[in-house]
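Architecture at a glance
Here are the chains, one letter per residue:
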Amino acid sequence: MSKPRVAIFDFAGCEGDQLQIVNLEEVVLDVLGQVEIVTWREAMKEQSDHYDIALVEGSITRKSDEERIKAIREKAGILVAIGACATIGGINCMKNFQDEKFVRRYVYGDKAHWYNTYAARPVSAVVPVDANVHGCPINREEFVQVLKALLQGKKPFIPNYPVCVDCKKAGNVCVLLKGQFCMGPVTRAGCGACCITEGAYCWGCRGLVDDPNMDAARELLGRFGISAGEALGQIRLYDGYREEAR
Ligand code: SF4
Ligand code: SF4
Ligand code: SF4
């Protein structure tokens, strides 16, 4: 039986998620050996228009991106968004809250008119997405788990509970008690609360859980002296395409 054909594409992003896949040395033969990678600009020169699974990194930031992602969607049996830029719009959406002309000039200077960028959006805002691998960058173990599930014809498990759950499991002391900010109460878990474990706080790179209890989060953060405006600013860092952030 022929192996499933996988193509990896990038839109607007830093390619950090693709680097995570490149760095999968320990499982590269086990997992990536079960598929045939037919297109991957980051790692090979061959290209093919025939694939079963499309892995898409980056957000949609130009009208012309829409045609490209629609063509990819048409050819792929399964389309997986990988990384915050692709799954929730990510850091690119910060520009959506600023004057577009100013942003163009700030980034491209006197060449601003060369670039036809528009408000950034996640892949799912343009075409249906079958599965998401969240994070900025993605967690390699989670990527493998999602890919394995898809190859077995199963629905991948994507947590829909807050990072606080992971954080408690990791045995961390809550940073709110230390007077720091944290997006953990409303951010989708699955990362093992790695940033808090490493001594930082959660800035929400996996996006909000599907149905965040914003009232409870506001009340909780307020108890620790964190304003709704501060929390909204933090949501806009990664999840600015969401209705709540807009
Ligand atoms: S999600 Fe993060 S790592 Fe992935 S492309 Fe966007 S900025 Fe880069
Ligand atoms: S608020 Fe942050 S530090 Fe506190 S438990 Fe939740 S994730 Fe952990
Ligand atoms: S702790 Fe928060 S910022 Fe860090 S990886 Fe997890 S979701 Fe992203």
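Every value quoted in this text rests on a predicted model; they were computed, and no experiment measured them.

**Examining the overall build of the protein**
Check the secondary structure of the protein and you find nine helices and seven strands. In terms of overall size, the protein behaves like a compact globule, its C-alpha atoms giving a radius of gyration of 19 Å where 246 residues would be expected to give roughly 18 Å. Across the protein, every contact between residues at least 6 apart in sequence was considered, and the portion connecting residues at least 24 apart equals 72%. Accessible area for the protein stands at about 12800 Å²; split by element, carbon and sulfur atoms hold 54% of it.

**With respect to the site of ligand 2**
Around ligand 2 sit Val163, Cys164, Cys167, Cys174, Val175, Leu176, Cys182, Gly184, Pro185 and Ile196, and those are all the residues in its vicinity. With three residues, helix 6 (residues 163-169) is the largest single contributor of residues to the shell around ligand 2. A class-by-class count of the residues in the shell around ligand 2 yields nine nonpolar, one polar and no charged.

**Comments concerning the sheet that holds strand 7 (residues 131-133)**
Pairing between sheet strands relies on hydrogen bonds along the backbone, with the strands arranged either parallel or antiparallel. The sheet built from five strands is open, its strands ordered 2-1-3-5-7 with parallel pairing. The open sheet has two free edges, formed respectively by strand 2 (36-40) and strand 7, since each of these has just one partner strand. Within this sheet the neighbouring strands show an average axis-to-axis angle of 20°, counted without direction. When strand 1 (residues 5-10) meets strand 3 (residues 53-57), the two strands line up parallel, connected through five bridges. When the sheet's bridge partners are listed, aspartate 10 is paired in strand 3 with glutamate 57. Packing of helix 2 (residues 63-75) onto the sheet brings it into contact with strand 1, strand 3 and strand 5 (78-82), and relative to strand 5 it is tilted by some 135°. Running at roughly 160° to strand 7, helix 5 (residues 140-151) makes contact with strand 3, strand 5 and strand 7 of the sheet.

**Describing the site of ligand 3**
Near ligand 3, the surroundings consist of Thr187, Cys191, Cys194, Cys195, Cys202, Trp203, Gly204, Cys205 and Arg206. Considering only residue class, the shell around ligand 3 consists of six nonpolar, two polar and one charged.

Basis of the calculations
Residues numbered from 1 in each chain as written. Chains lettered and ligands numbered in written order. Predicted model: local features only at pLDDT ≥ 70, side-chain atom pairs only at ≥ 80, totals over all residues. Heavy atoms only, no water. Helix = DSSP H or I, 4+ residues; strand = E, 2+ residues; numbered from the N terminus. Rg over C-alpha atoms; globule rule 2.2 N^0.38 Å. Contact = heavy atoms within 4.5 Å. Areas by Shrake-Rupley, 256 points an atom, 1.4 Å probe, with all protein chains shown as cover. Near = heavy atom within 4 Å. Nonpolar A, V, L, I, M, F, W, Y, C, P; charged D, E, K, R; others polar. Pairing = 2+ DSSP bridges. Axes fitted to C-alpha atoms, helices over the stretch in contact; angles between N-to-C directions.

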